[in-house]
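Chain residues, written in single-letter form:
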Amino acid sequence: MKHLVVLISGEGSNLQALIDACQQGKIAARIAAVISHRADAYGLTRAAAAGIEAKTLNPADFASREDYDRALAALIDRYPPAVIVLAGFMRILTSAFVARYAGRMLNVHPSLLPRYPGLHTHRQALANGDAEHGTSVHFVTDQLDGGPVILQARVPIFAQDDEQILAQRVKTQEHAIYPLVINWLLTGRLSLRDNVAWLDGAPLPAAGYAAD
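**Regarding the layout of surface pockets**
Empty pockets left among the atoms are what a rolling probe the size of a water molecule brings to light. What the largest pocket holds in volume is close to 1000 Å³. Forming the boundary of the largest pocket are 38 residues, of which Gly88, Phe89, Met90, His109 and Pro110 lie nearest the centre. The set of elements that each furnish at least two residues to the lining of the largest pocket consists of α1 (13–23), β5 (105–109), α5 (121–127) and α6 (163–186). Counting residues per element, the lining of the largest pocket draws most heavily on α6, which supplies four residues. Class assignment for the residues of the lining of the largest pocket results in 15 nonpolar, 15 polar and eight charged.

**Details of the pattern of salt bridges**
Counted by the stated rule, this structure contains 10 salt bridges. Notably, a salt bridge pairs Asp130 with Arg115, separated by 3.1 Å at the nearest N-O pair. With Asp130 in the loop between α5 and β6 (132–139) and Arg115 in the loop between β5 and α5, the pair connects residues that are 15 residues apart, well separated along the chain. A relative accessible area of 43% places Arg115 in the partly exposed class.

**A short note on the sheet that holds strand β8 (residues 190–193)**
Spatially, β8-β9-β10 is the arrangement adopted by the three strands of the open sheet, whose pairing is antiparallel. Strands with a single pairing partner mark the edges of an open sheet, and in this sheet they are β8 and β10 (202–203). In this structure, strand β9 (residues 196–199) lies alongside β10, joined through two bridges in antiparallel fashion. Counterpart to Leu199 in the pairing with β10 is Ala202.

**Re the side chain of Thr141**
Inspection of the secondary structure assignment puts Thr141 in the loop between β6 and β7 (149–156). For Thr141, a relative accessible area of 19% puts it in the buried group. Excluding residues within four positions of it along the chain, Thr141 makes contact with Val98, Gly146, Gly147, Pro148 and Asn195.

**A look at α1**
Of all the 11 residues making up α1, eight are buried; the element is thus mostly covered by neighbouring parts of the structure. When we look at burial in α1, the residues that qualify are Ser13, Asn14, Leu15, Ala17, Leu18, Ile19, Ala21 and Cys22. On its buried face, α1 is in contact with β1 (3–8), β2 (30–36), α2 (42–49), β4 (83–86), β5 and α6. Two residues or fewer after α1 comes Gly25, characterised by a positive phi angle close to 80°.

**Considerations on the pairing of β8**
Note that β8 and β9 share four bridges and pair antiparallel. Residue Arg193 lies in a different strand from β9, and its bridge partner there is Val196.

Conventions we followed
- Residues numbered from 1 in each chain as written.
- Predicted model: local features only at pLDDT ≥ 70, side-chain atom pairs only at ≥ 80, totals over all residues.
- Heavy atoms only, no water.
- 1 Å grid on protein atoms, 1.4 Å probe; cavity = no way out; pocket = protein on both sides within 12 Å on 5 of 7 lines; lining within 4 Å.
- Points joined across faces, edges and corners; volume = space filled by probe spheres on them.
- Helix = DSSP H or I, 4+ residues; strand = E, 2+ residues; numbered from the N terminus.
- Nonpolar A, V, L, I, M, F, W, Y, C, P; charged D, E, K, R; others polar.
- Salt bridge = Lys/Arg side-chain N within 4 Å of Asp/Glu carboxyl O.
- Buried < 20%, exposed > 50% of the residue type's maximum accessible area, 1.4 Å probe, protein only.
- Pairing = 2+ DSSP bridges.
- Contact = heavy atoms within 4.5 Å.

Spelled out as structure tokens, the structure:
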């Protein structure tokens, strides 16, 4: 069975959705390891409870980002993964690390990219009076939150929403679409070619896959 390695920083709700999807056969792989740069990340507890190896790699133990990413790659390669999954991983990866796993590394970002890359996406959507918000699954490239979009899910924004309510509405969609995209990549339907996402032999538009 193919392996996934999941990188996390915090609570791990997307990780839990992936654990559940693997157990339900929705993802054609097993999660071989979960790695965090924070020892207090609750996602590590989720991983351990599911019988998954949970590892911490502390950036304070390394002299540079480059040294850290080399150690992270060495740890990842102990579980040789078909796909590296970023699930709330809050570190900027070096170019060498990204190149090492080009076409095999996915991220889910809580906005309708290219709108609102970076942090505080829900706050920005509310402050700007947006009528809708959402989430994007994309390939990881050198550009922060700028890799080719594969699939997006949109949610409405209501007048009474605050950041917490909106975040939860977006997370519900993330939990649905992330396993789907991971399985596309695992089964050969999805690929990255010349910085364009391809699905079923056809290039995807800038906003990713759109159902008829």
